[in-house]
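In case you want the letters, here they are:
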Amino acid sequence: MVINSSFKNYVNSLIKGDEVPSEIKKGELISVYYILEVLKEKEKRKEHILAPYVEEIKKVLPNVEHIYYKMHNPIYMILEDNEKRNIVLKYLKNGKTIGTFLDKETEDFILHNQNLFREIALYGIINKYGDSFKINTVSNAFELKVFKDFIGWVKISNSPLIKGNFNLTWDTNFTLDSKFKTNIFGDLGMNGFDTDIIGLKNVFSNTNDLLDFYKHLYVYNHDLPKYLEEEYRRIRTK
């Protein structure tokens, strides 16, 4: 599918100016760019809080660098080491942690340190790190979707100007895989394109164009999940 001139002109207009709401609704408009900043700050705080837990785990698994959450009730905690290998731990409602382990020593460590992993799991549950959400931007042409704690999409939603697949994916921890043919590095992390529309990637000629696009997309604050709206207020009032 080839990009048409109407959509190209529409995207270019958003790079230069604000998205126009499709209807008048009550509520504050919040830029998608600032939502990405909130998510990035939230992830940085998680890394800081979990650092002591990572150090404890390193005593047995010295290569572990990150802990992230896939979902909750039950919650999946994924320990990612610096070789990008994952150890998936499933935290059950009864407070037990089970999972797939690399070796017997790791399995024994998990079984004998249930309180450690319970604290890690509860931190993720309380702070909604495993939650996902999606909301349309104010024009209803794009959709913001966060599908885990620090990776998300901005994609075509209901735009009548285009038919095809278009995702802009950001990842503040730079773990995007190789399926993305185009990667852009910026102050929000790494962004990847996933599209079957020929010529669409060329609309964003540089990182600044992409950031301006994010800055001029808006959502209504009332459409945000409560925990993210509270996070936005907290960071904005620092």
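Predicted, not measured: the structure shown is a model, and the values here were computed from it. (Residues numbered from 1 in each chain as written. Predicted model: local features only at pLDDT ≥ 70, side-chain atom pairs only at ≥ 80, totals over all residues. Heavy atoms only, no water.)

Undergrad: Describe the overall build of the protein, and please don't skip the residues or the numbers.
TA: What the protein contains, in helices and strands, is six helices and 12 strands. Across the 238 residues that make up the protein, the buried fraction comes to 46%. A sequence separation of at least 24 residues applies to 54% of the contacts in the protein between residues at least 6 apart. When the accessible surface of the protein is totalled, it reaches about 12,100 Å², and 50% of it is carbon and sulfur. (Helix = DSSP H or I, 4+ residues; strand = E, 2+ residues; numbered from the N terminus. Buried < 20%, exposed > 50% of the residue type's maximum accessible area, 1.4 Å probe, protein only. Contact = heavy atoms within 4.5 Å. Areas by Shrake-Rupley, 256 points an atom, 1.4 Å probe, with all protein chains shown as cover.)

Undergrad: Explain the packing of helix α2 (residues 32-58) against helix α4 (residues 114-126) to me, and be specific about the residues and the numbers.
TA: Between α2 and α4, the least distance of the axes is 11 Å, while the angle of their chain directions is 170 degrees. Between α2 and α4, the angle is such that the two are roughly antiparallel. As α2 packs across α4, the resulting crossing turns out to be left-handed. Contact with α2, carried on its side by Arg45, Lys46, Ile49, Leu50, Tyr53, Glu56 and Ile57, involves Leu116, Phe117, Glu119, Ile120 and Tyr123 of α4 and no other residues of that element. Along the lines of polarity and charge, the residues of the contact of α2 with α4 split into eight nonpolar, no polar and four charged. (Axes fitted to C-alpha atoms, helices over the stretch in contact; angles between N-to-C directions. Parallel < 35°, antiparallel > 145°, perpendicular 65-115°, else oblique. Left-handed = near helix turned anticlockwise from the far one by under 90°. Nonpolar A, V, L, I, M, F, W, Y, C, P; charged D, E, K, R; others polar.)

Undergrad: I'd like a description of the environment of Ala121, backed by residues and values.
TA: Positionally, Ala121 belongs in helix α4. Exposure remark for Ala121: the relative accessible area of 0% places this residue in the buried category. On a C-alpha basis, the gap between Ala121 and Tyr91 in space is 6.7 Å, while along the polypeptide they are 30 residues apart. Sequence-distant contacts of Ala121, that is, excluding residues within four places in its chain, are made with Tyr69, Ile75, Met77 and Tyr91.

Undergrad: Could you give me a rundown of α4, with the residues and numbers involved?
TA: Taking 1.5 Å of rise per residue, the 13 residues of α4 would be expected to cover 18 Å, and the 18 Å separating its terminal C-alpha atoms lies within 8% of that figure. Within the sequence span of α4, burial applies to Gln114, Leu116, Phe117, Ile120, Ala121, Tyr123 and Gly124. Looking at the buried positions of α4, the neighbouring elements they touch are α2, β2 (64-69), β3 (75-81), β4 (86-91), β5 (97-99) and α3 (104-111). (Expected span 1.5 Å × (residues − 1).)

Undergrad: Run through the packing of aromatic side chains, naming residues and quoting values.
TA: Taken as a whole, this structure holds six aromatic pairs when the rule is applied. Centre to centre, the rings of Tyr123 and Tyr129 are 5.6 Å apart; their planes meet at 25 degrees, and the pair counts as stacked. The exposure classification of Tyr123 matches that of Tyr129, with both residues buried. For the pair Phe142 and Phe213, a centre-to-centre distance of 5.5 Å together with 85 degrees between the ring planes defines the contact as edge-to-face. (Phe/Tyr/Trp six-rings, centres within 6.5 Å; stacked < 30°, edge-to-face > 60°.)

Undergrad: Which residues make up unusual backbone geometry, and what values do they have?
TA: In this structure, Lys128 takes a positive phi of about 60 degrees despite not being glycine. With respect to the helices, strands and loops of the structure, Lys128 is situated in the loop between α4 and β6 (133-136).

Undergrad: Could you give me a rundown of the sheet that holds β5, with the residues and numbers involved?
TA: Read across the open sheet, the four strands follow the order β2-β3-β4-β5; overall the sheet is antiparallel. What marks the edges here is a single partner per strand, and that holds for β2 and β5. Neighbour-to-neighbour, the strand axes of this sheet turn through a mean angle of 30 degrees, independent of strand direction. Of the strand pairs in this sheet, β3 and β4 are connected by six bridges, and their pairing is antiparallel. Bridged to Ile75 within β4 is Tyr91. α4 rests against β2, β3, β4 and β5 of the sheet, and its axis sits at about 110 degrees to β3. (Pairing = 2+ DSSP bridges.)

Undergrad: So what's going on with the packing of α3 against α4? Residues and values would help.
TA: α4 packs onto α3 with a crossing angle of 75 degrees between their chain directions and a minimal axis gap of 6 Å. The angle between α3 and α4 falls in the class roughly perpendicular. Touching Phe109, Ile110 and Leu111 of α3 are Gln114, Leu116 and Phe117, all from α4. Within the contact of α3 with α4, the residues separate by chemical class into five nonpolar, one polar and no charged.

Undergrad: So, the side chain of Lys46: which residues are in play, and what are the values?
TA: Along the chain, Lys46 falls in helix α2. Overall, Lys46 belongs to the buried group, its relative accessible area being 0%. Engagement of the side chain of Lys46 in a polar contact is seen with the backbone oxygen of Ile67, the distance being 2.6 Å. (Polar contact = N/O pair within 3.5 Å; in protein donor to acceptor, adjacent residues only side chain to side chain.)

Undergrad: Break down the pattern of salt bridges for me, with residues and values.
TA: Applying the stated criterion to the full structure yields 11 salt bridges. A salt bridge links Lys25 to Asp223, with the nearest nitrogen and oxygen atoms 3.4 Å apart. Linking Lys25 in the loop between α1 (5-16) and β1 (29-31) with Asp223 in the loop between β12 (218-220) and α6 (226-236), this pair joins segments that are 198 residues apart in sequence. Classification of Asp223 as partly exposed rests on a relative accessible area of 31%. Put simply, Lys59 and Glu56 hold a salt bridge, and the shortest N to O gap is 3.0 Å. On the accessibility criterion, Lys59 (64% relative accessible area) is exposed. The class of Glu56 is partly exposed, set by a relative accessible area of 30%. Each member of the salt-bridge network shares a partner with another, and the members are Glu28, Glu229 and Arg233. (Salt bridge = Lys/Arg side-chain N within 4 Å of Asp/Glu carboxyl O.)

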